[in-house]
Structure formats: C-alpha cells, structure tokens
Amino acid sequence: MVVLRKLPGMPGWPAALGLRLPQKFLFLLFLSGLLTLCFGALFLLPDSSRFKRLFLPRRATASASSSSSASSSSASSSSTRDTDLPRSPPAAAEPRHASPAAPRRLREKLRTAARMAGPPARTAPGSRQQVQGGESRAQPASAAPPARETRAPFRFDYERFRRSLRHPVRGGRSGEDPETRARRMKIKEMMKFAWDNYKQYALGKNELRPLTKNGHIGNMFGGLRGATVIDALDTLYIMELEEEFQEAKQWVEKSFDLNVNGEASLFEVNIRYIGGLLATYYLTGEEVFKSKALELGEKLLPAFNTPTGIPRGVINLGSGMSWSWGWASAGSSILAEFGTLHLEFLHLSELSGNPVFAEKVRNIRRVLSRVEKPQGLYPNFLSPVTGSWVQHHVSIGGLGDSFYEYLIKSWLMSDKKDSEAKKMYDDALEAIEKHLVKKSAGGLTYIAEWRGGILDHKMGHLACFSGGMIALGAQHSTGDRRQRHMELAAEITSTCHESYTRSDTKLGPEAFRFDAGSEATATRLSERYYILRPEVVESYMYLWRLTHQPKYRHWGWEVVQALEKYCRVEAGFSGIRDVYTTTPTHDNMQQSFFLAETLKYLYLLFCEDDVLSLEDWVFNTEAHPLPINHTDLRAAGQP
C-alpha cells in the first residue's frame, strides 16, 4: 500500500491541487491501481535478463541462468528410448518453464522463445567467450580453451541398410508363368498411361482431371504441390519405369517447394508426402528425398503443441498454427489421423538422429494407454486438450482404420521388438471380434460400426483393408488363434469381393450395408460411387502372398478388367459416380493414391513374393514401403 506523508510546513500535495476529500480518495485509488498494474505486468512478462537486472545482482542473474541450463541438460539426458530405433544423439528437452495450470498464451510464448533462442552464437576464430558480471567478453586465443568433447554429425549408414535386406528390392523374377507376367505387364502399362497423362496435362499440380485435361490443386496439402509425383515415385521405381522415375525425380529436385503457407491435413501430408519421400530414399539412396522428408517433418511438429501432445488435424505449414477440423466433434482429433504417424516419424528420427519425432508418437501411445477404452474399443474422437474421448463412435473404416493397421505394422517394423504395439493390437482385435464382427443372414462376415453401444450394420470400402491386416497379424500368432484369424481375414476379404461382384461394373461402392434385406450392396445414393480406391486389392495382395490361393489373383484380374472398361478415359483414369450402372458418369479425378496404392498392389499381386518382400518391408497406409529394422543401422562410431 502506498503511503503519502505531508512534509512540515507544506500542505499535502493532493490538497495543493485543490482537490476535495472524495476526489482525493479517488485520485489515490487510481494511483495505487496504476502502480499495481505496472508492477504486475512487469513480473508476468516472459523471462528476460533485461528485467532481471533491475532486481537481481548480476552475479545472481548469471547463476540462475546457469542453473536453468544445467537442469534442462539433465532432463534431456535422462530420456529413454525404445528398442525400435538405433541410438542417436540426445536432443534438447522441450521447455518446461510453465506448468499445465499456467495460462495457455504464456505457455505458448515460452515455447516460442525457447525455440527461437537456438544455439549460442559462434565466436570468431581465435577467440573464446567468457562470462563476467553477466556480460560476454572476447578473450585472446592465447588462453587455452577448456577441453570439449567433439561429436561427428549424425550419418545414416545407407550401405549397411541395403546389406541388411534379405531380398533384392525388385526381386529375382525367376520361375513365373507367361500369363502372370503378361498380366503384370498390363498393370505396368496402366501405370505408364496414368503417369504420362498426368505429366502432359497436370505436372506440378496435385492431381489430374482427365476429362478436362488439366490439373487439380485442392486444399488438403497446405500449398504443397505435386502430390501425384511424390505418390508415384516408388511405384515407378518398382515397376522399372526408369525414364518416368527420372522425370519425377527431376521435378522433386527443381520444383518441389516446401516454403508454403496454407492449411494442410497433418495426416495426408504425412502418409503421402513424407511416406513417399522416405520410401523413395530407402529404395534409391538419393539424398534429395531424405532431405525433403526431414525438412517437411520439421514443419509438422508444431501440430503437437497441445496440452496432451495429441496433435491437431490441421496445420499451417508456414506459420505453424494448428487447429482441429471444423467438422470434428468438440474440437477433437481423429483416431485414424493421430494414430497414423508412428511408422513415418520413427523413420524421421532414424534418418536424422533427432529423437523428437519418435518421442512425439510415443507420447501418443502413453495418452492412449491411460484413457479408458469402452468395451476395450477405441472411439474415433479424442480431445487434444483433455485426452478424453469425445464421442463413442467406433469404426474400422473411415476415422479409425489405419490406427489399427499401424499397431501391427509398428511391431513388425521394429523386428518384433515393440511389444507394446503388439499388445495394443491384440487387445483391440479381441474387442473388435467380440463386439463388431457379425455374420449376415446370407453368411457374409462383416465388421459393423459401433455408436455408443448401438450397431450400424454397414461396412465402408475403407474397412476392406482389414482382411489383409488381420491375415498379416495372424502369421505371428499360434495354434487356434492363428487359424481363427486367418479364417476371419479370408471371410472379410470374400465379403468385400462380393461388394464388387454384386455391382454392374464389378467395382465396389464407397459403403455397403447388411439391413432391410440387402447384403454387401449400397442402399443410399450417396454411397454408390467408386473413386479408384485400393483397399480391396490390398487385401487380395496380402492374402495371395500368405496363402497362394489362386482365387486372389483371379479376383485381382477382374478388378483390372473393370478399371480398363469403366474408369479408363482418353487422358487417364477417373472415378465413377455409380457402380450400379454400365454407363457411369465419371468424376473427372485421377486420385494420387491410384498410382501410389491401387496400381502398386495390383502389380505386386502378380509379382513373385521377393519383390518388396514382407520379410524386409511394411507398407504405410498409402502403400509406401518402409524397411523393417533388422539391425541397428546407425553409422559406425555414432553414439
């Protein structure tokens, strides 16, 4: 409280101003409030040595700074790592200046300040820095500097990685019959046709509009261009389309600009761009693909700046601002989006030596392990603020699908060391079997959706990947469990095949239902379209490789014939609006995932098993192959 005293022989200074008693009181109250506001604002500002010098001796300020630095270093060195990545140099811990209860804007300022601070400035050769009295002074080189440990830059040992592969990337091409080779060559021709038209009419745009012969950019990629280029790279390489691959590579080198400023889907940028770049680097060893992947990965990190570490779904790649989708319930994040980062982010850490990427996705696991699962199921919407479920809607199709896929594939990619992922997958599949797997009156097995305990008896095309996923997981089970899961995988894949055969075009609808007397057919006009989706042929490919039953190749060839008949147009391939008519209307869009996934899975269906062998590779959810970590691939001498 401020106390004003009168000096002898002088009137009080408020009286000197001719103020009456009520006015004096108001004036003193105003002055007291102003002083309180000034001092309060001073201490609420982010930490700054400028303000410390006003109140602390210089020696104390320097001591406090040193203590803070030592604490941060200790926290960083104490972090632990899983066995699914090689060791790499420790990274600085994230700032911990503000507690969770601190004001959100203040925490964001502190994080921003810590990021912007960066490493200490370098001194000129021949001098060193010495702190005296809180100031930095250059000292002559004659004073011997203290001994410092030198560390070589992190270097990923690519040659050692290639030696660790058990099979040639493109396989041996031995012992195949002429019919199988002819069918594979037909799929290769389809890929070349799709690429050539994209190159002619839309190179640099995200996707081709084959009817109007122009490009489409869209608003999913935050200003990034060339989604079809990045998605097609590894497919062109595997199919030995060498000239076309060089065209795509040249575009990446000369035209792929990451300095963009727009709203991007974290999920789509990760699976298409980062997944495609990582895969192509591992296949070719070309540094441009690795450097682009790492640079783009850095741009996604601010999306994780939430109270729980669960990333938001949309990020501005220029400013780093992130938010949730407007249609997502109560500002929630989507299970299939934040749950489909693990494979790519582990490889970003492996290639960069920076553990921050791996730590971000491991934290997602920690949040999911703490939250209660209703009936053992994972709902599709989670709050990034509270870490609690927002709705109890469960789906193995859209909004949930690839989360489950990445659990089993994370375990496989770790060379079966990531036991946490395997347990999460096993527990989730057990709950799915118990609550969602149903059989129709006609004997078709399907996976229903769950809405707070009420079943919706429909299955989306996106859910048809699950046949392949369950078969892949079954290979590593034993006894009755293995047999039960292989039977379940085959039954689900057969149901998805039925959704194709029951349409006039022999292509499957976006969703099909099992109610009102209909089975495996779309009953709503809004679900009758086909947009060149890959999930059904993905399951055919896995079931063929794991069983070698000829029907899967036969079913795959039926899809090739239907694509040629109903989706091939003069300048590429287009989706269709109604699979139940033989004169369909085209949607004028050649999706980038058609080149990344649909054609790749069809091609591999007619390849020998050693082409992108499942012993060496796992596919991300955009069908980009990422290597299994058979060994510690860090460069010799790395920590």
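Since this is a predicted model, take the numbers as computed values, not measurements.

Caption draft 1: Inspection of the pattern of salt bridges at higher detail. Considering all chains together, one arrives at 35 salt bridges under this definition. Ionic pairing is found between K423 and D427, a salt bridge with its closest N-O pair at 2.6 Å. A residue pair is termed a helical-turn pair when its members lie 3 or 4 positions apart in one helix, as K423 and D427 do in helix α16 (residues 419-435) at 4 residues. With relative accessibility at 53%, the residue K423 sits in the exposed group.

Caption draft 2: Structural view of the state of the cysteines. Applying the stated criterion across every chain, the model contains 1 disulfide. Linked covalently through their sulfurs, C464 and C496 form a disulfide whose S-S length is 2.1 Å. Between C464 and C496, the S-S torsion sits near -95 degrees, and that sign places the bridge as left-handed. Of the two residues, C464 sits in the loop between β16 (458-460) and α17 (466-474) while C496 sits in helix α18 (residues 479-501), which places them 32 residues apart along the sequence.

Caption draft 3: Just helix α9 (residues 242-255), in detail. With 14 residues, α9 extends 20 Å between its outermost C-alpha atoms, agreeing within 8% with the 20 Å of an ideal straight helix rising 1.5 Å per residue. Here the buried face of α9 lies against α7 (178-202), α8 (227-238), α10 (266-284) and α11 (287-300).

Caption draft 4: The arrangement of helix α13 (residues 342-352) in detail. Counted residue by residue, α13 has 10 buried out of 11 residues, so it is predominantly covered. Residues of α13 that are buried: H342, L343, E344, F345, L346, H347, L348, S349, E350 and L351. Close packing links the buried residues of α13 with α10, α11, α14 (356-370), α15 (401-413), β20 (617-619) and β21 (625-627).

Caption draft 5: Region of the structure containing the layout of surface pockets. Considered as a void within the structure, the second largest pocket measures approximately 990 Å³ in volume. Lining the second largest pocket are 40 residues, and of these G398, L399, D401, L462 and R533 sit closest to its centre. Of all elements in the fold, only α10, α12 (335-338), α15, β14 (449-451), β16, α19 (535-547) and α21 (592-605) reach the threshold of two or more residues within the lining of the second largest pocket.

Caption draft 6: Spotlight on the confidence of the model for the protein chain. Across the protein chain, the average pLDDT comes to 83, with 76% of residues at or above 70. A low-confidence stretch, residues 1-17 (pLDDT under 50), is modelled with 10 contacts involving residues beyond four sequence positions or located in other chains. For residues 634-639, every residue scores under 50 in pLDDT, and the model assigns this stretch 15 contacts once sequence neighbours within four places are set aside.

Caption draft 7: Seen up close, the sheet that holds strand β7 (residues 322-323). Ordered in space as β5-β6-β7, the 3 strands form an open sheet in which the pairing is antiparallel. Each end of this open sheet is capped by a strand with a single partner; those strands are β5 (263-265) and β7. As judged from the 2 bridges shared by strand β6 (residues 314-316) and β7, these two strands associate in the antiparallel manner. Opposite V314, over in β7, you have W323 as the bridge partner.

Caption draft 8: How the structure looks around the side chain of K409. Position of K409 relative to the elements: it lies in helix α15. Given the relative accessible area of 3%, K409 is considered buried. Beyond its immediate chain neighbours, meaning those up to four positions away, K409 contacts L343, L472, E538, Y542, V618, F619 and N620.

Caption draft 9: Inspection of empty space enclosed by the protein at higher detail. Counted according to the given criterion, the structure contains 4 cavities of 30 Å³ or more. The volume enclosed by the largest cavity comes to roughly 110 Å³. Around the largest cavity, the lining comprises 13 residues; the ones closest to its centre are G339, H342, I364, R365 and F403. Those elements that place two or more of their residues in the lining of the largest cavity are α14 and α15. For the lining of the largest cavity, the per-class residue count stands at 9 nonpolar, 3 polar and 1 charged.

Caption draft 10: Focus on the environment of T308. Topologically, T308 is positioned in the loop between α11 and β6. For the pair T308 and V367, spaced 59 residues apart in sequence, the C-alpha separation works out to 7.4 Å. Dropping the residues within four chain positions of it, T308 is found in contact with N363, V367, S383, P384, V385, T386 and G387. At 2.6 Å, the side chain of T308 and the backbone oxygen of P384 are in polar contact.

Caption draft 11: Broad picture of the nonpolar core. Within the largest apolar cluster, 160 residues are counted, with the highest numbers of intra-cluster contacts made by L224, Y404, L507 and L563. When residues of this core are assigned to their parent elements, the largest contribution, 11 residues, is made by α10. Those residues in contact with L507 that lie beyond four places of it in its chain are S499, Y500, Y530, V559, A562, L563, C567, I576 and V579.

Caption draft 12: Examining the sheet that holds β14 more closely. Read from one edge of the open sheet, 3 strands run β11-β14-β15, paired in antiparallel fashion. The sheet is open, and its two edges are formed by β11 (393-394) and β15 (454-456), each paired on a single side. Looking at chain direction, β14 and β15 are connected through 3 bridges and run antiparallel. Within β15, the residue paired with W450 across the bridge is L455.

Caption draft 13: Quick look at the packing of aromatic side chains. On inspection of all chains with the given rule, the structure shows 30 aromatic pairs. Aromatic side chains F161 and Y282 sit 5.2 Å apart centroid to centroid with 65 degrees between the ring planes, which places their arrangement in the edge-to-face category. In this pair, F161 sits in helix α6 (residues 158-164) while Y282 sits in helix α10, placing the two residues 121 residues apart along the sequence. According to the relative accessible area criterion, F161 is buried, its value standing at 0%. Relative to W327, the ring of W325 has its centre 6.1 Å away and its plane inclined at 20 degrees; by these criteria the two rings are stacked. Residue W325 is classed as partly exposed on the basis of its relative accessible area, which comes to 22%. An aromatic cluster of three or more residues is present, and its members are F156, Y158, F161, Y281, Y282 and W617. The residue whose ring lies beneath K422 is W411, and the NZ or CZ to ring-centre distance is 5.0 Å. Looking at R568, its charged tip hangs above the ring of F193, at a distance of 3.8 Å from the centre.

Parameters and conventions
- What you see as residue numbers is a count from 1 along each chain, following the sequence as written.
- Where local features are concerned, this predicted model is filtered to residues with pLDDT of at least 70; where side-chain atom pairs are given and counted, the filter is 80 or more; whole-chain, interface and lining totals use all residues.
- Hydrogens and water molecules were not included; the side-chain quantities draw on all heavy atoms of the structure.
- Here, a salt bridge means any side-chain nitrogen of Lys or Arg that lies within 4 Å of a carboxyl oxygen of Asp or Glu.
- By the criteria applied, helices consist of DSSP H or I runs no shorter than four residues and strands consist of E runs no shorter than two, each listed in order from the N terminus.
- Any residue under 20% of the maximum accessible area for its type is buried, any over 50% is exposed, and the rest in between are partly exposed; the area is computed with a 1.4 Å probe on protein chains only.
- Note that a disulfide, as used here, is simply two cysteine sulfur atoms within 2.5 Å.
- Expected helix span is given by 1.5 Å per residue-to-residue step, counting one fewer step than there are residues.
- Contacts are assigned to residue pairs that have any heavy atoms within 4.5 Å of one another.
- Cavity: a set of points on a 1 Å grid over the protein atoms alone where a 1.4 Å probe fits but cannot get out. Pocket: an open set with protein on both sides within 12 Å along at least five of seven lines, its lining residues, like those of a cavity, having an atom within 4 Å of a point.
- Grid points are joined across faces, edges and corners, and a volume is the space filled by probe spheres set on the points.
- Confidence of the predictor in every single residue is expressed as pLDDT, which spans 0 to 100.
- Strand pairing is assigned whenever DSSP detects at least two bridges linking the two strands.
- Ten residue types, Ala, Val, Leu, Ile, Met, Phe, Trp, Tyr, Cys and Pro, are classed as nonpolar, four, Asp, Glu, Lys and Arg, as charged, and the remainder, Gly among them, as polar.
- Pairs of N or O atoms within 3.5 Å make up the polar contacts considered here, provided that, within protein, one atom can donate a hydrogen while the other can accept it, and that residues adjacent in sequence are counted only when both atoms are side-chain atoms.
- In this text, buried Ala, Val, Leu, Ile, Met, Phe, Trp, Tyr and Cys residues form a nonpolar core when linked through side-chain atoms within 4.5 Å.
- Only rings of Phe, Tyr and Trp enter the pairing, Trp through its six-membered ring, and a pair is recorded when the two centres are within 6.5 Å. The plane angle decides the type: under 30 degrees is stacked, over 60 is edge-to-face, the rest tilted.
- Put simply, a charge is over a ring when the Lys NZ or the Arg CZ is close to the ring centre, within 6 Å, and near the line of the ring normal, within 35 degrees.

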